[in-house]
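What follows is each chain in one-letter form.
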Amino acid sequence: MKSPVVLLLLTLSVLVGCSQRGSHAVKPEESLQAKQLLQGVWTDESSESVVFQMKGDSVYYPDSTSMPAYFRVNGDTLYIGKSSRYHIEKQSEHVLWFMGQDGEVVKLKKDDEGESEEMIVKSQPQILTLNEVMKRDTVVMFNGNRYHLYIAVNPTRYKVVRHTLNDDGLDVENVYYDNIIHLSIFQGSRQLFSSDFRRKQYNSLVAERFLEQAILNNMEYSYADEKGFHLNVSLCQPGDASCYLVEHVVSYDGKLTTKLQEY
């Protein structure tokens, strides 16, 4: 025969187990009917401009830089991409209203004639980047010595994905190529310094959330003094005015120091 203490522990265990099972909310299943209603080209009710096309499991946009994204409908919520969700205010075969990321209700109607489909971009989205290496050759005189600084901004195929709100209040992904910057400093034929600079090496100075969607934009020579050569590197989010400015100082014996200038 079990003791009262053991019976009490067993009873508590059962109650806790039941409570935990009851605490998990049942997630609504994907609504295939709502998804089927969304198939087609959707235009703004007021301007009649094309907003997107839903085809299969994908959303396609009319501009050449926005990436197609996966979508689904769960309950009264439209999910687009990995993280964007929109509360559906009204939906029928020809009408779709939902709350945009900017807090405004987006009111769409379906293009039943199919005349707008040709405006949808289904080819590989255009990725914005430098098309060629950008080089600078700077001569610097200091304390009677002559120095050469070579800066090369090299485009790469490393993709940076940036989330932006389009004119319709939708969170879209734009893709850019990052750069690698090379700096060499010479006094005559003697090389004082040579190094490549990459975006990720600034993760201790720049906010991670910003850096994930930024590119290594440029490096510019500023001035020379007793400490060495002062150069500024900019890390910017494409299409936005916000940038971090990082100062590098290369001493005359080739040592590098780095500090954040401003944001």
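Since the model is a prediction, treat every value here as computed from it, not as a measurement.

Cut-offs used in this document
Residues numbered from 1 in each chain as written. Predicted model: local features only at pLDDT ≥ 70, side-chain atom pairs only at ≥ 80, totals over all residues. Heavy atoms only, no water. Phe/Tyr/Trp six-rings, centres within 6.5 Å; stacked < 30°, edge-to-face > 60°. Helix = DSSP H or I, 4+ residues; strand = E, 2+ residues; numbered from the N terminus. Buried < 20%, exposed > 50% of the residue type's maximum accessible area, 1.4 Å probe, protein only. Core = buried A, V, L, I, M, F, W, Y, C linked by side-chain atoms within 4.5 Å. Contact = heavy atoms within 4.5 Å. 1 Å grid on protein atoms, 1.4 Å probe; cavity = no way out; pocket = protein on both sides within 12 Å on 5 of 7 lines; lining within 4 Å. Points joined across faces, edges and corners; volume = space filled by probe spheres on them. Nonpolar A, V, L, I, M, F, W, Y, C, P; charged D, E, K, R; others polar. Pairing = 2+ DSSP bridges. Axes fitted to C-alpha atoms, helices over the stretch in contact; angles between N-to-C directions. Salt bridge = Lys/Arg side-chain N within 4 Å of Asp/Glu carboxyl O. pLDDT = per-residue confidence, 0-100. Polar contact = N/O pair within 3.5 Å; in protein donor to acceptor, adjacent residues only side chain to side chain.

Asks: Is there a simple way to think about the packing of aromatic side chains in this case?
Replies: The description of an aromatic ring pair uses the distance of the two centres, along with the angle that the planes make with each other. Following the criterion strictly, the structure yields eight aromatic pairs and no others. When the ring of phenylalanine 210 is compared with that of tyrosine 244, the centres are 4.8 Å apart and the planes differ by 75°; the resulting orientation is edge-to-face. Placement of the pair is phenylalanine 210 in helix α3 (residues 208-212) and tyrosine 244 in strand β15 (residues 243-250), with a sequence separation of 34 residues. We classify phenylalanine 210 as buried; its relative accessible area is 7%. Under the relative-accessibility criterion, tyrosine 244 is labelled buried at 10%. Ring centres 5.0 Å apart and planes at 65° place the aromatic pair phenylalanine 229 and tyrosine 252 in the edge-to-face group.

Asks: I'm lost on the nonpolar core in this one. Help?
Replies: Core analysis: the biggest nonpolar cluster contains 27 residues, and Leu183 and Phe229 have the highest contact counts within it. Of all elements in the fold, only β9 (134-142), β10 (145-165), β11 (171-187), β12 (190-197), α3, β13 (215-225), β14 (228-236) and β15 reach the threshold of two or more residues within this core. The contact partners of leucine 183, leaving out residues within four places of it in the chain, are Tyr150, Ile151, Phe193, Ser194, Ser195, Phe197, Met219, Leu231 and Val250. Membership of the second largest hydrophobic core comes to 21 residues, among which are Met54, Ala69, Val73 and Leu108.

Asks: How do you make sense of empty space enclosed by the protein when you look at a structure like this?
Replies: Rolled over the atoms, a probe with the dimensions of a water molecule shows which regions are left empty. Applying the stated criterion across every chain yields a total of one cavity of 30 Å³ or more. Ala69, Gly81, Asp171, Val172 and Glu173 are, among the 13 residues lining the largest cavity, the residues nearest its centre. No other element matches β11, which puts three residues into the lining of the largest cavity. Its residues placed into classes, the lining of the largest cavity shows six nonpolar, four polar and three charged.

Asks: How do you make sense of the environment of tryptophan 97 when you look at a structure like this?
Replies: In this fold, tryptophan 97 is placed in strand β7 (residues 95-99). Overall, the relative accessible area of 22% leaves tryptophan 97 in the partly exposed class. Each C-alpha atom, one on tryptophan 97 and one on lysine 109, is 8.6 Å from the other, the two residues being 12 residues apart in sequence. Setting aside residues up to four positions removed in sequence, tryptophan 97 forms contacts with Glu45, His87, Ile88, Glu89, Lys90, Val105, Val106, Lys107 and Leu108.

Asks: Explain the sheet that holds β12 here, please?
Replies: Here four strands make up an open sheet; going across it, the order is β9-β10-β11-β12 and the pairing antiparallel. Edge positions in the sheet fall to β9 and β12, since each of these pairs with one other strand and no more. Across this sheet, the average inter-strand angle for adjacent strands is 20°, counted without regard to direction.

Asks: Looking at this model, I keep getting lost on the sheet that holds strand β5 (residues 77-80). Mind explaining?
Replies: Each strand in a sheet pairs with another by means of backbone hydrogen bonds, the pair being arranged parallel or else antiparallel. With respect to topology, eight strands assemble into a closed barrel ordered β1-β2-β3-β4-β5-β6-β7-β8, the strand pairing being antiparallel. Strand-to-strand, the axes of this sheet are offset by a mean angle of 35°, without reference to chain direction. One ladder, built from two bridges, connects strand β3 (residues 58-60) with strand β4 (residues 69-74); its direction is antiparallel. Residue pairing for β4: serine 58 is matched across the bridge by tyrosine 70.

Asks: Looking at this model, I keep getting lost on the pattern of salt bridges. Mind explaining?
Replies: Close approach of charged atoms allows side chains with opposite charge to pair. Applying the stated rule across the entire model yields six salt bridges. Put simply, lysine 35 and aspartate 57 hold a salt bridge, and the shortest N to O gap is 2.6 Å. Of this pair, lysine 35 sits in helix α2 (residues 32-37) while aspartate 57 sits in the loop between β2 (50-55) and β3; the two residues are 22 residues apart in sequence, bridging distant segments of the chain. Take aspartate 57: its relative accessible area is 42%, and that puts it in the partly exposed class.

Asks: Explanation requested: the confidence of the model for the protein chain in the structure shown.
Replies: Of the residues in the protein chain, 81% have a pLDDT of 70 or more, and the chain-wide mean is 83. Across residues 1-26, where pLDDT falls below 50, the model places two contacts with residues more than four positions away in sequence or in other chains.

Asks: What is the right way to look at the pairing of β7 in this model?
Replies: Successive side chains on a regular strand alternate, one facing one side of the sheet and the next facing the other. Pairing of strand β6 (residues 84-91) with β7 involves three bridges; the strand directions are antiparallel. For isoleucine 88, the partnering residue across the bridge sits in β7 and is phenylalanine 98. Taking the residues between adjacent antiparallel strands as the criterion, β6 and β7 are bridged by three residues. Pairing analysis gives five bridges linking β7 to strand β8 (residues 105-110), with the strands arranged antiparallel. Across the sheet, residue methionine 99 finds its bridge partner in β8, namely valine 105. Counting the residues that bridge the hairpin from β7 to β8 gives five residues, and of these glycine 103 lies at a positive phi of roughly 85°.

Asks: Just to check I follow, could you spell out the environment of tryptophan 42 for this structure?
Replies: Mapped onto the elements, tryptophan 42 comes out in strand β1 (residues 40-44). Taking the C-alpha atoms as reference points, tryptophan 42 and glutamine 53, separated by 11 residues in sequence, lie 6.0 Å from one another. Engagement of the side chain of tryptophan 42 in a polar contact is seen with the backbone oxygen of leucine 38, the distance being 2.8 Å.

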